[in-house]
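Each chain, letter by letter, is given below.
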Amino acid sequence: MQVSIRYFASVREAVGLAQEAHDLPETVQTVGQVRDWLRALDGRHAAALATDKPLRMACNHTLCDAHTALQPGCEVAFFPPVTGG
Amino acid sequence: MVPVTIRIQTEGFDLGAEVQALRAGRLDVGAVASFVGVCRDHHPGQCAPGHVQAMELEHYPGMTERAIGQMVEQAQQRWPLLGVTVIHRVGALLPGDDIVLVAVASSHRGAAFAACEFLMDYLKTQAPFWKKETTPQGGQWVDARESDDAALRRWGVASDNAQSGQT
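Let me begin by describing the structure that accompanies this report. These figures come from a predicted structure and were not determined experimentally.

**Some details on the layout of surface pockets**
Working step 1: The space that makes up the largest pocket amounts to roughly 700 Å³.
Working step 2: If you trace the largest pocket, you find 32 residues lining it, with Arg-40, His-43, Glu-133, Val-142 and Arg-145 of chain B closest to the centre.
Working step 3: The set of elements that each furnish at least two residues to the lining of the largest pocket consists of β2 (31-38), α3 (109-126), β7 (129-135) and β8 (138-141) of chain B.
Working step 4: Looking at side-chain class alone, the lining of the largest pocket contains 13 nonpolar, eleven polar and eight charged residues.
Working step 5: Its volume calculated, the second largest pocket comes out at about 320 Å³.
Working step 6: In this structure, the second largest pocket is lined by 18 residues; those nearest its centre are Ser-10, Pro-54, Pro-80 and Pro-81 of chain A together with Asp-143 of chain B.
Working step 7: Of all the secondary structure elements, the ones that give two or more residues to the lining of the second largest pocket are α1 (9-15) of chain A together with β7 of chain B.

In structure tokens, the structure reads:
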């Protein structure tokens with residue numbers, strides 16, 4: 001499944017990328033599985049998306065959780081807790 | 001249709017002009033409440049005045065506007081509003097600069113005050129913005145605060161932005 005990935009703030013800096021696109025294997029069906037698949041790519045992804053750190057996620061511009069199902073062509077984003085206002 | 005203005009911008013804003021625009025030509029507006037969030041040079045009790053030399057605000061284009069639009073819709077369902085303006089700056093800011101404006105028009109002050117506070121509480125924990133401060137120790141991302149989640153929960157809205165784990 002084709003998915004575009006975006007990173008923001010400290011997660012963007014830790015990964016070293018603002019966005020990337022991947023054709024994911026069929027076993028990857030949820031946003032949490034995307035996170036796990038990305039963590040296996042290399043050390044930067046593993047550190048940036050480590051599960052012991054607060055990490056928020058969104059699918060198609062809506063906050064979601066690790067169980068949210070992917071849709072073909074969706075945009076998944078990972079970022080730290082928000083601090084606007 | 002209630003006029004709703006949502007802008008994400010690098011430039012500053014004029015509170016007076018925005019409030020005038022919000023109520024322009026309306027004779028049914030009896031109250032306008034506004035809030036302006038300002039960039040400080042320190043966090044009382046945590047660091048000395050002058051510690052924060054500058055701030056960089058990042059956002060998620062597209063999602064940010066959508067999130068703010070949804071919170072304005074929620075506010076409109078809760079209170080009889082006659083107009084809403086939300087402006088949030090991004091990019092490079094200095095201490096003393098305005099960061100955010102929320103202005104709400106209604107017939108009466110109760111709804112205007114409440115909706116203005118609700119919108120700010122919502123924005124703090126649900127809209128994708130991130131602050132990075134320039135300090136003598138270098139750039140530091142600002143930590144989310146549990147107290148901001150608690151502020152939104154007062155309105156009966158679940159919020160766990162600052163919680164340490166992942167869902």
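**Details of the pairing of strand β5 (residues 75-79) of chain A**
Residue and element names in this part refer to chain A.
Working step 1: Burial of β5 is extensive: five of the five residues sit out of reach of the surface.
Working step 2: Covered by surrounding structure in β5 are Glu-75, Ala-77 and Phe-79 together with Val-76 and Phe-78, the residues of both alternating faces.
Working step 3: Summarising the sheet, strand β1 (residues 2-7) and β5 pair through four bridges and their orientation is parallel. Looking at the pairing, Ile-5 lines up with Val-76 of β5.
Working step 4: Bridge count for strand β3 (residues 56-59) against β5 is four bridges, and the pairing is antiparallel. Its bridge partner lying in β5, Ala-58 is registered against Ala-77.

Cut-off values and rules
Residues numbered from 1 in each chain as written. Chains lettered and ligands numbered in written order. Predicted model: local features only at pLDDT ≥ 70, side-chain atom pairs only at ≥ 80, totals over all residues. Heavy atoms only, no water. 1 Å grid on protein atoms, 1.4 Å probe; cavity = no way out; pocket = protein on both sides within 12 Å on 5 of 7 lines; lining within 4 Å. Points joined across faces, edges and corners; volume = space filled by probe spheres on them. Helix = DSSP H or I, 4+ residues; strand = E, 2+ residues; numbered from the N terminus. Nonpolar A, V, L, I, M, F, W, Y, C, P; charged D, E, K, R; others polar. Buried < 20%, exposed > 50% of the residue type's maximum accessible area, 1.4 Å probe, protein only. Pairing = 2+ DSSP bridges.

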